[in-house]
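Summary of the model geometry
Here is how the chains run, residue by residue.
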Amino acid sequence: MGSNSPPLTHLAQEIAKHVSTITSYLQSHNLPQPSFAPDAPPHPIPETDEKLSSARIALIEATKALHALAVGPSETTRLFAFPGLCHLGAMQVLCHFKVPQTVPLDSPISLTELSTKTKLNEHVLGRLLRMVATNYYFVETNPGYFSHTAWSKTLAPDEKMRQCIWFRHAELLPAMGKLVAAVERYPESDDPKKTAFALAFGGETFFDYKEKNPDDMIRFGQFVDAFASGYVVDSPENIARGYPWGDIGSRSGDGGLVVDIGGGIGYVSVAVGKEHGQLRFLVQDFEDLRKQSEVLVVENRLVGRVKFMAHDFFSSQPEEARGASAYFLRNILHNWSDSYCRKILKTVVDAMGEGSRIIICDIVLPEANSGMPKTQEERARALDMTMLSMFNAKERSLEEWQALFNSVDEKLRITQVIGRPKMRMDCLIEVRLI
Ligand SMILES: C[S@@+](CC[C@H](N)C(=O)[O-])C[C@H]1O[C@@H](n2cnc3c(N)ncnc32)[C@H](O)[C@@H]1O
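Computed from a prediction, not measured in an experiment: that's the story for all the values here.

A few words now on the overall build of the chain. Secondary structure assignment for the chain yields 19 helices and twelve strands. Its C-alpha atoms give the chain a radius of gyration of 24 Å, within 12% of the compact-globule value 22 Å for 434 residues. Each principal axis of the C-alpha atoms in the chain carries an extent, and together these give about 70 × 55 × 50 Å. Counting every position in the chain, which comprises 434 residues, the buried fraction comes to 44%. Pairs at least 24 apart in sequence give 65% of the contacts found in the chain among residues at least 6 apart. On the chain, the mean spot of the 47 positive side-chain charges and the mean spot of the 53 negative ones are 2 Å from each other.

Now the structure itself:
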C-alpha cells in the first residue's frame, strides 16, 4: 500500500483510514455522524481530541488532493473561481433579502410563500436557491419547496454568521478587484492609504471608511466575532492554555503585569486572567471600548486584576505600563506594514525592563515544503492577501518576524514559538532582549 500505488489509489486508501478513525470515535462517544440533515451538528468532528483533530485535517487534505486530481488541470483552470464567485453573489442576495431567517427551521416552504415573505422575485429566488443548493446550502425537497440543510441553518439564527458572507462580498471582493491597479500603481508602498481597498472605496483607508459608515463598522465587528468563534482560529481560552503563562511573575510571587496592547475589550486578558491568578492585566485600546471592557471584567469577577487604559499604540507607554513582565500583542502587527510595526515595537522596547518579554499572537507563514497542510496554508495565505489588499500589511514567515525585530533592536530575539498542535491558526511568538 502507499507510495507505489497510483496517487488516486493512495489517496483513496488514506481517506478510508481517516474516515475509519473519525467514524469509530464518533460511534464510541455516542456522537452523531457528519450529515447534511438540518439537525446535524454545526461542528460534527470535535477538535478537542488531538488524534481526532489530526485525522480530520488529514482527511480534508486527502479529499482536496483527490478532488483536484479527479477534476484535472485543464478543467480546474477553465472553471477557476467561477462557481465560487456565483455562490458568493447568490448567497449575498439571499442574506440581503433575509431568506435564511425566513425559511422555517424544521419544515419546507414553497417558493411562492418565500417570495411573498421576502419580497424577492419568485423566479430569481428559485434560481439563487438552486445555485447555492449545489453547495449544500438549502435543499429542494420537492419541486418548488425548499428546506434548510445543516449548512444553511448556520445562517438562520445568527446575524454575525451572515456577516461572513457580507464581508467577502461587500468589502473583500471590490478590494480584490482593484489589486492589479494597486500593485501596478503602488508597487513598493507600505502606506495604508495606498491600497486596493482605497482604490475601490473612494480613496479612504479601511478604518476611515468605517468611521464614516458606522453601520459598516458594526457589521465588520460582527464578522470578526463570527470568524474568531468556533474552530477556525484560536480562541482566547486556547491562548490561555497554549502559552506557559504560569512562568510569568511567579518568581516575585507578587503577580506579574501583562500589558495587552490593542487588546480590544480584553477577551484574551480575561481568559488568561481566569486561568492564571498570579497575573494582572492592563488592556490598552481606544477610549470608546472602555465601557464594554469594564462590563466584561465585572462579569468575569476580575475587577482589580484586569484594568482598561485608553492608549494609542504609536505613543510612548505611560509610567504604569513600563517594566511590565510581558507585552502581549494579538493580531495587531499583521495589520501593519514593517515601517508602522517598527514604530509600535519601538514604544514597547523603550518600556521593557529587565526580564520583560513580548508575546505576539499572529500567523507564522510556513517556509517552502514545510509540510503544513495545504488547507491550513491556504487560509494563512488568504489572510495575507486580505492584509495586502485592505491595509498594505502582511502575514510574516519566521525569518520575516526575526528581521522585523532586528530592525527595531539588534538584541530582540525570538526565544519560543508555540504553534500546532497547541495553537490552530496563529502562533505565540515569545521575544526577549538578549
Ligand atoms: C484586530 S483587533 C485585535 C484586538 C485584540 N488584540 C484581540 O485579539 O482580540 C485590533 C485592535 O487594535 C486596536 N487599535 C487599532 N489602532 C490602534 C491604536 N493606534 N492604538 C491602540 N489600539 C489600536 C483596535 O481598536 C482593535 O481593538
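With that settled, the discussion passes to the packing of helix α6 (residues 111–118) against helix α7 (residues 122–133). The description of two helices packed together rests on the angle between their axes and the distance between the axes. Close contact between α6 and α7 brings their axes to 9 Å; oriented N to C, the two are set at 110°. On the basis of their axis angle, the class for α6 and α7 is roughly perpendicular. Between α6 and α7, the residues in contact are L111, T112, L114 and S115 and E122, L125, G126, L129 and R130, respectively. Counted by class, the contact of α6 with α7 contains four nonpolar, three polar and two charged residues.

All right, on to the site of the ligand then. Taken together, 13 residues are adjacent to the ligand, and G262, D285, D312, F313 and R330 come closest. In the model, an oxygen atom of the ligand is placed 2.7 Å from a nitrogen or oxygen of the D285 side chain. One of the backbone nitrogen or oxygen atoms of F313 is found 2.9 Å away from a nitrogen atom of the ligand. When the free accessible area of the ligand is taken as 590 Å², the share hidden by the protein chains comes to 75%. Residues belonging to the shell around the ligand are distributed by class as follows: four nonpolar, six polar and three charged.

Of all hydrophobic cores here, the largest spans 30 residues; its most connected members are I358 and I360. Counting residues per element, the ones that place at least two in this core are β4 (257–261), β7 (326–330), α17 (338–351), β8 (357–362), α19 (398–408) and β12 (427–433). For this core, the leading source of residues is α17, giving six residues. Beyond its immediate stretch of four places on either side in the chain, I358 contacts Y327, L329, L345, V348, M352, L412, I429, E430 and V431.

Moving on: the packing of aromatic side chains. Counted according to the given criterion, the structure contains 24 aromatic pairs. Their ring planes at 15° and their centres at 4.4 Å tell us that F167 and F223 sit as a pair that is stacked. You can see F167 sitting in helix α9 (residues 159–177) and its partner F223 sitting in helix α13 (residues 214–228), a full 56 residues away along the chain. Residue classification places F167 among the buried positions, given a relative accessible area of 4%.

Most of β8 is tucked away, with six of its six residues classed as buried. Judged by which residues are buried, β8 turns out to be covered on both faces: R357, I359 and C361 on one side and I358, I360 and D362 on the other are all buried. When β7 meets β8, the two strands line up parallel, connected through five bridges. Looking at β8, one finds that F328 is bridged to I359. Where the polypeptide runs from β7 across α17 and back to β8, its parallel neighbour, the crossover connection is right-handed. Both β8 and β12 contribute to a ladder of six bridges, which runs antiparallel. Counted as the bridge partner of D362 is C427 from β12.

Glancing now at the domain arrangement of the chain. If you check the domain split of the chain, you get domain 1 (7–76), domain 2 (82–153), domain 3 (159–228) and domain 4 (236–433). Look at where the C-alpha atoms of domain 2 and domain 3 centre, and you get two points 27 Å apart. With seven residues of domain 2 at the interface, the matching set in domain 3 holds six residues. Both faces considered, domain 2 and domain 3 share a buried interface measuring about 650 Å² in area, 76% of it formed by carbon and sulfur atoms. The tally of links from domain 2 across to domain 3 stands at zero salt bridges. Across the contact surface, domain 2 and domain 3 share one residue pair in polar contact (both at pLDDT 80 or more). No other element matches the six residues that helix α4 (residues 82–96) contributes to the side of domain 2 that touches domain 3. Looking at the side of domain 2 that touches domain 3 residue by residue, the classes come out as four nonpolar, three polar and no charged.

Rules used in this analysis
- Residues numbered from 1 in each chain as written.
- Predicted model: local features only at pLDDT ≥ 70, side-chain atom pairs only at ≥ 80, totals over all residues.
- Heavy atoms only, no water.
- Helix = DSSP H or I, 4+ residues; strand = E, 2+ residues; numbered from the N terminus.
- Rg over C-alpha atoms; globule rule 2.2 N^0.38 Å.
- Buried < 20%, exposed > 50% of the residue type's maximum accessible area, 1.4 Å probe, protein only.
- Contact = heavy atoms within 4.5 Å.
- Lys, Arg positive; Asp, Glu negative; His and termini not counted.
- Charge placed at Lys NZ, Arg CZ, Asp CG, Glu CD.
- Axes fitted to C-alpha atoms, helices over the stretch in contact; angles between N-to-C directions.
- Parallel < 35°, antiparallel > 145°, perpendicular 65-115°, else oblique.
- Nonpolar A, V, L, I, M, F, W, Y, C, P; charged D, E, K, R; others polar.
- Near = heavy atom within 4 Å.
- Polar contact = N/O pair within 3.5 Å; in protein donor to acceptor, adjacent residues only side chain to side chain.
- Areas by Shrake-Rupley, 256 points an atom, 1.4 Å probe, with all protein chains shown as cover.
- Core = buried A, V, L, I, M, F, W, Y, C linked by side-chain atoms within 4.5 Å.
- Phe/Tyr/Trp six-rings, centres within 6.5 Å; stacked < 30°, edge-to-face > 60°.
- Pairing = 2+ DSSP bridges.
- Right-handed = clockwise from strand over helix to strand, strands pointing away.
- Domains from an automatic or database assignment.
- Buried area = accessible area lost by both parts, 1.4 Å probe.
- Salt bridge = Lys/Arg side-chain N within 4 Å of Asp/Glu carboxyl O.

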